[in-house]
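For reference, the chains in residue letters:
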Amino acid sequence: MTKSEALFERAVKRIPGGVNSPVRAYGAIGEAPRFIDRADGCHIYDVDGNCYIDYIDSWGPMILGHNFPEIRESVVKACEKGLSFGCATEIEVEMAEFICENIPHIHMIRMVNSGTEAVMSAVRAARGFTGKNKIIKFAGCYHGHSDAMLVSAGSGVMTSGVPDSAGVPKGCTEDTMTAVYNDLQSVRLLMEQAQGQVAAVIVEPVGANMGVVAPKEGFLEGLRHLCDEYQALLIFDEVITGFRLAFGGAAEYFKVKPDLVTYGKIIGAGMPVGAYGGKKEIMEMVSPVGKVYQAGTLSGNPIAMAAGLTQLKYLRSHPEVYVRLEEKGDTLYTGMKDILKEKGLRYQLNHIASLGSLFFTEQEVTDYTSAKTSDTEAFAAYFKAMLKMGIHLAPSQFEAMFLSNAHTDDVIEETLEAVKKYF
């Protein structure tokens, strides 16, 4: 028995499913999850001493690679002053100023502790600002595990086969309407059905929890026009795309301006943190200034702020990182497509910049329904084989691959050789 297997045996006795988040579970793969001991650059090392090329990147935030020296040093320095105060600190102000001064569509921002909190709070702010209750989301887009958002969610919910969630009363979701990603007409129909009561449309500008599904040309622009037409707010959930597709996230990449935006752990360089922000008149609805209540005693934790601000400042001063990530993405994902073509396989590979997904289906994947045509057993076989060859992927057909600045040409070539060997 390996150390990971032994740890999993202990874990399942005290932790539901043996993991503290369903996305870490290997249940769909039929194995015990690997327990990680340490990470550096683009590699992670499990408790059994195995080394893997990592394409999870802690689910996205390790855009500069694991254990980046400048970030590590900033955390150590911040820890010397204390871990948490529950009081206002200077670095919270610096973080807010830096983001607002460098992201044109964010005038004010509030720190929270996770992407789930960010979305929950942004939705509440949208309802408070508009005086309306209805929210439109998209099937397959995951916006955290707050009650109102667990309707046709993607990611771990898709993998486990649970369409929504037990424990969520119908009343919590009766104002959540579900549209089809990449289908503007489905949004318009819901707008009409709601009779002017839609507070906001929330969307992952690039779907990344049903696998990677990019927006069709004109889709995000169409959402902006529909929201303006029906006097609803447009919320970009940039927990995945924020500071990854570009410094200004998907909003900058696609040149579409949302009213509110949510961020996750990337603004903490992987530490537990999130944020939501946007137009001043909306954010001033939030307590203690306005009547929309939202609080968090540990929000803006100084250690997380130190790590995150160091990463964001590095990204802002090194725009070449985004150029390199585009190039790395082209090399890896185009290389994988070429291998599939050589082998006569018609599996779908979706990618945009550093994000990518291989779908085990011959059908073009443009939304939740087409993503679900994937052969999850075929993915499980692929995952296990790649893991044995030292390639660490997300244990789900419906998760993204993440490249970091630390993935070298040699590492990408090694990955492509593994893919070629498997197929």
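Just above, that's the structure.
For clarity, every value in this text was computed on a predicted model and none was experimentally measured.

Looking at the overall build of the protein chain
Here's step 1: Counting its secondary structure elements, the protein chain contains 15 helices and 14 strands.
Here's step 2: Against the compact-globule benchmark of 22 Å for 423 residues, the protein chain has a radius of gyration of 21 Å, which places it among compact chains.
Here's step 3: Reported as C-alpha extents along the three principal axes, the dimensions of the protein chain are approximately 55 × 55 × 45 Å.
Here's step 4: Counting only carbon and sulfur atoms, one obtains 51% of the accessible surface of the protein chain, whose full area is about 18400 Å².
Here's step 5: Side-chain charges in the protein chain split into 40 positive and 52 negative, and the spacing between the mean points of these groups amounts to 3 Å.

Section: a negative patch on the surface
Here's step 1: A cluster of acidic side chains, namely Glu 327, Asp 330, Asp 409, Asp 410, Glu 413, Glu 414 and Glu 417, defines a negative patch on the protein surface.
Here's step 2: For the negative patch, the elements supplying multiple residues, two or more each, are α12 (320-342) and α15 (409-422).
Here's step 3: When residues in the negative patch are grouped by element, the largest group, five residues, is from α15.
Here's step 4: Secondary-structure assignment places Glu 327 in helix α12.
Here's step 5: Taking relative accessible area as the criterion, Glu 327 reaches 47% and is therefore assigned partly exposed.

Points about the packing of helix α7 (residues 184-194) against helix α8 (residues 219-229)
Here's step 1: Running from N to C, α7 and α8 point in directions that differ by 15 degrees, and their axes come no closer than 10 Å. Comparing their axes, α8 and α7 come out roughly parallel. For the pair α7 and α8, the crossing hand works out as right-handed. On α8, the residues touching Leu 184, Val 187, Arg 188 and Met 191 of α7 are Phe 219, Gly 222, Leu 223, Leu 226, Cys 227 and Glu 229.

Notes on the nonpolar core
Nonpolar side chains in soluble globular proteins tend to be buried together.
Here's step 1: Ranked by size, the top nonpolar core spans 79 residues in total, and within it Ile 99, Ile 136, Phe 138, Met 191, Leu 223, Phe 243 and Ile 267 carry the most contacts.
Here's step 2: Ranked by the residues each element gives to this core, the list is headed by helix α11 (residues 302-317), at nine residues.
Here's step 3: Listed in part, the 31 residues of the second largest apolar core include Tyr 26, Tyr 52, Ile 53 and Phe 383.

Focus on the sheet that holds strand β11 (residues 348-352)
Here's step 1: Taken together, the three strands give an open sheet; going across it, the order is β11-β12-β14, and neighbouring strands pair in antiparallel fashion. The two strands at the open ends of the sheet, each matched to only one other strand, are β11 and β14 (401-402).
Here's step 2: With two bridges connecting them, strand β12 (residues 355-359) and β14 associate as antiparallel partners. The residue bridging Gly 356 from the neighbouring strand is Met 401, located in β14.
Here's step 3: Along the sheet, α12 makes contact with β11, β12 and β14, crossing β11 at roughly 170 degrees.

Quick word on the state of the cysteines
Here's step 1: As enumerated under the stated definition, the model contains zero disulfides in all.
Here's step 2: No disulfide involves Cys 51; its sulfur sits 8.2 Å from that of Cys 42, the nearest cysteine.
Here's step 3: Cysteine Cys 227 remains unbridged, with the sulfur of Cys 141 as its closest cysteine sulfur at 14 Å.
Here's step 4: Exposure remark for Cys 227: the relative accessible area of 1% places this residue in the buried category.

About the thresholds
Residues numbered from 1 in each chain as written. Predicted model: local features only at pLDDT ≥ 70, side-chain atom pairs only at ≥ 80, totals over all residues. Heavy atoms only, no water. Helix = DSSP H or I, 4+ residues; strand = E, 2+ residues; numbered from the N terminus. Rg over C-alpha atoms; globule rule 2.2 N^0.38 Å. Areas by Shrake-Rupley, 256 points an atom, 1.4 Å probe, with all protein chains shown as cover. Lys, Arg positive; Asp, Glu negative; His and termini not counted. Charge placed at Lys NZ, Arg CZ, Asp CG, Glu CD. Patch = residues over 30% accessible without salt bridge, like charges linked within 9 Å, V, L, I, M, F, W, Y side chains within 5 Å. Salt bridge = Lys/Arg side-chain N within 4 Å of Asp/Glu carboxyl O. Buried < 20%, exposed > 50% of the residue type's maximum accessible area, 1.4 Å probe, protein only. Axes fitted to C-alpha atoms, helices over the stretch in contact; angles between N-to-C directions. Parallel < 35°, antiparallel > 145°, perpendicular 65-115°, else oblique. Left-handed = near helix turned anticlockwise from the far one by under 90°. Contact = heavy atoms within 4.5 Å. Core = buried A, V, L, I, M, F, W, Y, C linked by side-chain atoms within 4.5 Å. Pairing = 2+ DSSP bridges. Disulfide = S-S within 2.5 Å.

Coordinates in, geometry out; function isn't part of it.
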